[in-house]
Amino acid sequence: KPIGLTGMGDVRFAQGKLGEAKNYYQMVLINFPDYYVRDPSVLGGAGLVNLRLGNAAKGRRQLYHYLSLEGVVDNRVEILFALAESYYREGNHLTAAGLYRRIGKLASPGSRAAVISALRLAQYQDDKEIVFSKWEQGADLTDPAGDAPYLATLEKFFNDPRAQDARYGLFRRYQAR
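A brief structural summary. (Residues numbered from 1 in each chain as written. Predicted model: local features only at pLDDT ≥ 70, side-chain atom pairs only at ≥ 80, totals over all residues. Heavy atoms only, no water.)

1. A closer look at the overall build of the chain
For step 1, the next point in the chain: A tally of regular secondary structure across the chain gives 10 helices and zero strands.
For step 2, the next point in the chain: In the chain, the succession of helices and strands from N to C terminus is α-α-α-α-α-α-α-α-α-α.
For step 3, the next point in the chain: Viewed in the frame of its principal axes, the chain has a C-alpha envelope of about 60 × 35 × 25 Å.
For step 4, the next point in the chain: For the chain, the residues scored as buried account for 41% of the 177 residues in total.
For step 5, the next point in the chain: Long-range pairs, those at least 24 residues apart, make up 50% of the contacts in the chain between residues at least 6 apart in sequence.
For step 6, the next point in the chain: Total accessible area on the chain is roughly 9800 Å²; 55% of this is exposed by carbon and sulfur atoms.
For step 7, the next point in the chain: Taken as two groups, the 24 positive and 19 negative side-chain charges of the chain have centres that lie 3 Å from each other. (Helix = DSSP H or I, 4+ residues; strand = E, 2+ residues; numbered from the N terminus. Buried < 20%, exposed > 50% of the residue type's maximum accessible area, 1.4 Å probe, protein only. Contact = heavy atoms within 4.5 Å. Areas by Shrake-Rupley, 256 points an atom, 1.4 Å probe, with all protein chains shown as cover. Lys, Arg positive; Asp, Glu negative; His and termini not counted. Charge placed at Lys NZ, Arg CZ, Asp CG, Glu CD.)

2. Let's talk about the packing of aromatic side chains
For step 1, the next point in the chain: Per the counting criterion, the structure on display carries one aromatic pair.
For step 2, the next point in the chain: Between the NZ or CZ atom of R60 and the centre of the ring of Y87, over which it lies, the distance is 4.0 Å.
For step 3, the next point in the chain: The lysine or arginine in question, R120, covers the ring of Y88, its NZ or CZ lying 4.0 Å from the ring centre. (Phe/Tyr/Trp six-rings, centres within 6.5 Å; stacked < 30°, edge-to-face > 60°. Lys NZ or Arg CZ within 6 Å of the ring centre and 35° of its normal.)

3. Focus on the side chain of S117
For step 1, the next point in the chain: Its location among the elements puts S117 in helix α8 (residues 112-126).
For step 2, the next point in the chain: Those residues in contact with S117 that sit more than four places away from it in its chain are F81, Y100 and I103.

4. Overview of the pattern of salt bridges
For step 1, the next point in the chain: Counted under the stated rule, the structure contains 10 salt bridges.
For step 2, the next point in the chain: Across the pair R120 and E85 runs a salt bridge whose closest N-O atoms are separated by 3.0 Å. With a gap of 35 residues between them, R120 in helix α8 and E85 in helix α6 (residues 76-90) connect regions that are remote in the sequence.
For step 3, the next point in the chain: A residue is classified by how much of its surface remains accessible, and R120, at 5% relative accessible area, is buried.
For step 4, the next point in the chain: For E85, a relative accessible area of 4% gives the class buried.
For step 5, the next point in the chain: Among the charged side chains, a network of salt bridges with common partners joins E85, R112, R120, D160, R162 and D165. (Salt bridge = Lys/Arg side-chain N within 4 Å of Asp/Glu carboxyl O.)

5. Side note on helix α9 (residues 148-156)
For step 1, the next point in the chain: Here α9 has its buried residues at P149, Y150 and T153. The buried residues of α9 occupy an angular sector of 105 degrees when projected down its axis, which confines them to one face.
For step 2, the next point in the chain: Buried residues in α9 make contact with α8 and α10 (163-176). (Arc of directions from axis to C-beta.)

6. Things to note about the packing of α9 against α10
For step 1, the next point in the chain: The contact between α9 and α10 brings their axes to 9 Å, and the two run at 145 degrees. Crossing handedness for the pair α9 and α10: left-handed. Two secondary-structure elements touch here, α9 through Y150, L151, T153 and L154 and α10 through A163, A166, R167, G169, L170 and R173.
For step 2, the next point in the chain: Across the contact of α9 with α10, the residue classes break down as six nonpolar, two polar and two charged. (Axes fitted to C-alpha atoms, helices over the stretch in contact; angles between N-to-C directions. Left-handed = near helix turned anticlockwise from the far one by under 90°. Nonpolar A, V, L, I, M, F, W, Y, C, P; charged D, E, K, R; others polar.)

7. Let's talk about the nonpolar core
For step 1, the next point in the chain: Membership of the largest hydrophobic core comes to 34 residues, with the highest contact counts inside it found for F13, Y25, L67, I79, L83 and I103.
For step 2, the next point in the chain: Examining the composition of this core, we find that seven residues originate from one element, α6, more than from any other.
For step 3, the next point in the chain: Among all residues touching L83, those that are not within four sequence positions of it are L51, R60, L63, Y64, L67 and L99.
For step 4, the next point in the chain: Residues L119, A122, A166 and L170 belong to the second largest nonpolar core, which totals five residues. (Core = buried A, V, L, I, M, F, W, Y, C linked by side-chain atoms within 4.5 Å.)

As structure tokens, then:
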């Protein structure tokens, strides 16, 4: 029965019916409390659903638990990207930047996660409101080489909602020149 409920949660998640997916995952986690030890993917699905529904703290906890239980996972980059984006949305730029750097090392070059992570790191470096540690410093907005992550995002993922962030970042860089 928990296998079927997890499968239904996965199907609903793929269909974009996040509320229904959350219900299926919760049924598994509540009615079969040790099932996640045998199949940690239920925690991964539940964590992603919770992040997308706005319950960041619970979603992060489930995703970190999933990563620690599963060890080697095929969707590690996707999970780390979801975690990084949740920290970014919350304004925790230092934690998000660390995760984006890790994604840059793990993701295949040119993949969505790699390109968007490079964009987020460029935004982090370009943001003049962020106070950097003494080991880091912000980017020079007048340097045209810094445009590369923004341009790569616009070339590969121009329809992605994050492309607007790339456009705004380029605008700010051009404005600084």
